[in-house]
Structures are given as C-alpha cells and as structure tokens.
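Commentary on secondary and tertiary structure
Read off the chains here:
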Amino acid sequence: GYTLGRSGPMPEWGTSVDRVFAGIELMQADRAERVIFSSGDYVRDGLRTEGELARELAMGLGVDNARITLAAKASNTADKARLIRPLFGEGRPSIILVTSASHMPRAAAIFSEAGFVVTPFPVDIDIPLSRRWNEAWLPEARALASEPRERFRMSRPFLDRRVSVAPMMDWTDRHCRYFLRGFSPDLLLYTEMVTASAILRGDREKLLEYSREEHPVALQLGGCEPDYLAAAARYGEEWGYDEINLNCGCPSDKVQKGSFGACLMNEPDLVADCVAAMCEAVDLPVTVKMRIGTLRSNRSDLDEAVQRFDETDYDKLCDFMVAVRGAGADCVIVHARKAVLGNWSPADNREIPPLRYDVVRRLKEDFPDMPVILNGGLKKADSSLEALEWADGVMLGREAYHRPMVLGEIFAALDGDRGYKPLSIAAHLERMAEYAEREMTKGERLPAITRHLLGLLSHAPGSREYRRLLSEGARERGAGPELIRQAASVSQHT
C-alpha cells in the first residue's frame, strides 16, 4: 500500500491503497468490467512491488482474480499507456483513469493520445505526506494495505487548474468574468470574495448571480464559522458553481475585523473545521487560498521578519497544510508572500514582502499529491510557463486585469498544438458589445461593463485613445453597445 521512490528519496505511501479502493468501488458499482494496475517496479529491501501489493489487496477484498490485470511495469505515464493499449482490441477503448488530481491533466492527455477515451477519476489520499517520514511508519502502511478502511472519500469533480484568475474585490465581478472567459474555455475564474453571512442574510440572488458562459467558475467565501460556511457552500452548489474556495489570504483591515482572511493562517484547527464542514456539505471541490505565513505589524523586528523565512516559518506553513489537507481540501492556492496583519494596506502587502516561489516549490515537493497553485507577482507568459514546470497551476491577479492579453499568450503556449487560437481585439469587443446589449435590456449600466475592458489594448499603440473613448463615452447620456464597437474600430486603426 505504498509507493517508493517516485519523488526522490522521500516515499509516498497511501497512494496505491486509495487507487486500489477506487478501482474496486468502480467495479462494484458496475462502472468498470475489470481493473488494471500499472506501476513502476519499486522494490527495496525485499519488499513486494506496488503492483503486487495492489493485486493482493484487491483479492483480499473479494475481487475475482480474473477481473484483475497486473500490467507490465513502467516507470512513466507514457510507457504505461503504451504497454496497456495492447490489452484492448481495435477502436478507442473507454477507460476510467484513476490517478492523483495533480497528475490527472498530463495523464489524461497522454492516455487520450494513446488512443483511449478517458473518463478522469482523480483520487485524493487520506494520509498526510510529511517531510518527517521515517521507516518506523512502514508497519502502519502495511496494516492499511491489509485491512479495508471504513473511511474512503472519492475525489471531487476534476477541474483544469493550469491557469486561473484570482478573486479580486471590486474587479472580478460577473461582467469581468464574462469578458475573461473569452480568452479560453479552460481558464478557471473566481468570484470576488463573498462572506458567508452575506449569503445567508443578504440579497442572495444579487450576490450569486452569474452567466452560464462563465463556467468553470469558483465561488470564494469569507468567514470563520463552520456552520455558516457549510450553509453558504450549499447555496453555491445549488447555484451551479464549480468550486468553493475559502479565503485565508486577504490581509485587509476590514477582513481582519471579521476574523477571517489571512489571520486564519494562525488558526489551522479552525480552518480545518471550516474545510471539513464545507466538504461534508457539498460534492464540489473545496479549496483554500492562503499565504506562506503571517506577521503582526507591531513586531519590533518587523522589517527583518518580513524579509526572512526560516525553518520555524516553514514548520508553521506545513502544519497549516497538513490541517487543511486532512480536513479534505482538494487544492491550495498559495500567494508566495507573507501577509502583515495590522496597519499595512493591501498595496503594502502586495509590494513589500518579497516573493518566495522557492517556499511554494518546497511545499509542493513535500506534499506531491496535493495540487498546489502558485499565486503572486506573475506578470508574463514566460514566468508562468516556467512555474508550471513544477506547480500544478498558476493564478494571475492584477496583471490579468490590466493586461488580459497575457492570458492568451499563456494558452497559446500551452494549447497551441491542440488548435488554440486567441480571439482578435475586434472579436473580443464584438463579443462584449453583444453581451452589453443583453445586460442593458435588464437594466445594467454600460460603465459597469466597459470599465473591465480598458486593459485590452494595453499592449498596443493607441491605448490612450481607446481607454478615453470607453471610460468617458460610456458615461454620456444615451451611450450603448455601439460604443464598444466604435472602440473596436479605433483599435483597428492604431
């Protein structure tokens, strides 16, 4: 029930057990005819291979040996797909692919290219991986492999998390999200933070309204009371959101006064209770947006502490990670800066604490099966693509708002060989003109829409005239969607 050596010297144990249980449950539910175990040949000190343990566990749970196939051992996903393909006949066989959520995008693409029709089935593991792993835990791993567990949580629905846009107050409203959707159908969008209490007591329809074209879209919640968050998450699920995200990263004074946001980084047990309550309430992915740590602004050594990140800081970060993971979080989005709580402004917190991508990368290495999304300071396609070599995804914030064409640059690099073609400026603006026509018939004001379009031409000459036309023209009496089409004309002549 363990895998040895896949992440260098640190073993990953528990992963095989969860995948075996997933295969068995799929067969018992008549969703699969047989289960195929394919693994690397991980043997050390005479221990059996991962695949042999998988077969033994499956047979011990009553699965007919005829329905178990132990495929040839392979050390990488491409070889596994190549070796498994001859087990099927002609055509494109349908398979349910069971692997970790972090590995699923690449694995699904590889198996699809090998000729399979793939249904993704990402599986979480129950056992926290720890950089403090030692040989004394092997008996517990063996015991886990030999006894069926009552507790086994299947993974939530799969979302493509390679590229997302951060939740930003007063910016990522539904009009902004509709506009950003035009850059890729795979871009994961987030709402502005909405407090759980506002959803329960306020104008729920206004707070949760969105367009179906925005999918996939996540609802970010703020709060610190498990019951409130669970109830708000249920409303989010009822409204059709694709993910529920808990804000543990915002350092603003207003948020701190509500005892949520970044200050929750100091209360991992409470956050775990909140995450567990939301996981219990909904069948959607539940994620956490966080910082790498926090500081109080009244510290005498604040200037030094902001710049420093030592082992004590990392231990606290790992403790928080273990807590949210153990509670059932499907993914963490890590802003790679410390947050200073107190009298610092959000701008100070964005600009003064140094970016520590190395800390987030270390976190990913120590928790390899937990999807980790990098956030903070990403401004160019090159840096985002570089981060995607080790992170499970990148989340852009202000840059995506002020220069949204960067999203097209990223997706062109990622999916260009699969036929991705970014929309032209004119096509984006025509799309938004049609959207404005619909929204204005429902009483929406034009400036509420055009304010999100001002950065579209930031990469080209003539951007000043373009912004002036949209910002000033939208406020004029009688202005309508034709103003957006006029802006498209300006862009074509610059």
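Residues numbered from 1 in each chain as written. Predicted model: local features only at pLDDT ≥ 70, side-chain atom pairs only at ≥ 80, totals over all residues. Heavy atoms only, no water.

1. Notes on the overall build of the protein
So the rule is basically this: Numbering goes from the N terminus for both helices and strands, where a helix is a DSSP run of H or I of at least four residues and a strand is a run of E of at least two. The cut-offs for exposure are 20% and 50% of the maximum accessible area for each residue type, with area from a 1.4 Å probe on protein chains only; residues under the lower value are buried, those over the upper are exposed, and the others partly exposed. The contact criterion used is simple: two residues touch if any of their non-hydrogen atoms lie within 4.5 Å.
Per the secondary structure count, the protein includes 22 helices and 15 strands. Within the protein, the proportion of its 494 residues that are buried is 54%. In the protein, 73% of the contacts between residues at least 6 apart in sequence involve partners at least 24 apart.

2. Looking at unusual backbone geometry
Most peptide bonds take the trans form, and the phi angle of most residues other than glycine is negative. Along the chain, His215 connects to Pro216 via a cis peptide bond; the corresponding omega equals 0°. Mapping Pro216 onto the fold places it in the loop between helix H8 (204-208) and strand S10 (217-222). Phi angles above zero are rare outside glycine, and Asp170 is one such case at about 70°. Note on placement: Asp170 falls in the loop between strand S7 (163-165) and helix H6 (174-181).

3. Comments concerning helix H21 (residues 463-473)
Note the cut-off: When we speak of the arc, we mean the arc of directions from the helix axis to the C-beta atoms.
Ser463, Tyr466, Leu469, Leu470 and Gly473 are the residues of H21 that are buried. Buried residues of H21 fall within an arc of 140° about the axis and therefore sit on the same side.

4. Re H6
Because the α-helix completes a turn every 3.6 residues, residues three or four places apart line up on one side. As a reminder, the rule being used: Identification of polar contacts relies on pairs of N or O atoms within 3.5 Å, with a donor-acceptor requirement for protein atoms, meaning one able to donate a hydrogen and the other able to accept it, and with residues adjacent in sequence counted only if both atoms are side-chain atoms.
Burial analysis of H6 places eight of its eight residues in the buried class, the great majority of the element. The N-cap of H6, judged by a side-chain oxygen 3.1 Å from the amide nitrogen of His175 a few residues on, is Asp173.

5. Section: the packing of helix H3 (residues 77-84) against helix H4 (residues 104-113)
Definition in use: Interaxial angle, 0 to 180 degrees, is taken between N-to-C directions of lines fitted to C-alpha atoms, where a helix line uses only the stretch in contact. Should the near helix be turned counterclockwise from the far one by less than a right angle, the crossing is left-handed, whereas a clockwise turn marks it as right-handed. Polarity classes work like this: nonpolar for Ala, Val, Leu, Ile, Met, Phe, Trp, Tyr, Cys and Pro, charged for Asp, Glu, Lys and Arg, and polar for all others, with Gly in that last group.
Running from N to C, H3 and H4 cross one another at 35°; their axes reach a closest spacing of 9 Å. Like other packed secondary-structure pairs, H3 and H4 cross with a definite hand, here right-handed. Two secondary-structure elements touch here, H3 through Thr77, Ala78, Lys80, Ala81 and Ile84 and H4 through Ala107, Ile110 and Phe111. Classifying every residue of the contact of H3 with H4 by side-chain character gives six nonpolar, one polar and one charged.

6. Some remarks on the pairing of strand S12 (residues 286-296)
Note the threshold: At least two bridges found by DSSP between two strands are what make those strands a pair.
Buried residues dominate S12, accounting for 10 of its 11 residues. Across nine bridges, S12 lies against strand S13 (residues 331-341) in parallel orientation. By the bridge assignment for S13, Arg296 is matched with Leu341.

7. Points about the pattern of salt bridges
Applicable threshold: Whenever Lys or Arg places a side-chain nitrogen within 4 Å of a carboxyl oxygen from Asp or Glu, that contact is recorded as a salt bridge.
Scanning all chains against the criterion turns up 27 salt bridges. For the salt bridge of Asp313 with Lys338, the shortest nitrogen-to-oxygen distance reads 3.3 Å. Within this pair, whereas Asp313 is found in helix H13 (residues 311-326), its partner Lys338 is found in strand S13, the two being separated by 25 residues in sequence. Glu439 is paired through a salt bridge with Lys442; the nearest N and O atoms lie 3.1 Å apart.

8. Observations regarding the confidence of the model for the protein
Interpreting fine coordinate detail is not advised for predicted regions of low pLDDT. As a reminder, the rule being used: Known as pLDDT, the predictor's per-residue confidence is scaled from 0 to 100.
Residues of the protein with pLDDT of at least 70 account for 78%, and the chain-wide mean is 81. Within the model, pLDDT remains below 50 along residues 125-155, and this stretch shows 75 contacts once partners closer than five positions in the same chain are excluded.

9. Quick notes on the environment of Ala347
Here Ala347 is to be found in helix H14 (residues 346-351). In this structure Ala347 comes out as partly exposed when scored by relative accessible area, which is 27%. The spatial distance from the C-alpha of Ala347 to the C-alpha of Ser252 is 9.5 Å, given a sequence separation of 95 residues.

10. Observations regarding the packing of aromatic side chains
For any pair of aromatic rings, the description consists of the separation of the ring centres together with the inter-plane angle of the planes. Note the cut-off: Ring geometry is summarised as follows: Phe, Tyr and Trp rings, the Trp one being its six-membered ring, pair when their centres sit within 6.5 Å, and such pairs are stacked at plane angles under 30 degrees, edge-to-face over 60 and tilted between the two. By definition here, charges over rings are those cases where NZ of Lys or CZ of Arg is within 6 Å of the ring centre and within 35 degrees of the ring normal.
For the structure shown, the criterion picks out seven aromatic pairs. With a centroid separation of 4.5 Å and 15° between ring planes, the pair formed by Trp171 and Tyr401 is classed as stacked. With a gap of 230 residues between them, Trp171 in the loop between S7 and H6 and Tyr401 in helix H17 (residues 398-402) connect regions that are remote in the sequence. Taken individually, Trp171 and Tyr401 each receive the classification buried, so the pair is uniform in this respect. Sitting above the plane of the Phe116 ring, Arg85 keeps its charged end 5.7 Å from the centroid. Just above the ring of Tyr178 sits the side chain of Arg431; from NZ or CZ to the centre is 4.1 Å.

11. Re the pairing of strand S11 (residues 243-248)
Consecutive side chains of a regular strand alternate in pointing toward one face of the sheet and then the other. For clarity, the threshold we go by: Viewed with both strands pointing away, a crossover whose connecting path from the first strand over the helix to the second turns clockwise is right-handed.
Of all the six residues making up S11, six are buried; the element is thus mostly covered by neighbouring parts of the structure. Following the chain from S10 across helix H9 (residues 226-238) to the adjacent parallel S11, one finds a crossover that is right-handed.

12. What about the side chain of Asn375?
By the secondary structure assignment, Asn375 is in strand S14 (residues 372-375). Within the local environment of Asn375, its side chain forms a polar contact with the side chain of His335, the two groups lying 3.5 Å apart. Setting aside residues no more than four positions away along its own chain, Asn375 makes contact with Ala166, Lys289, Ile333, Val334, His335, Ala336 and Met395.

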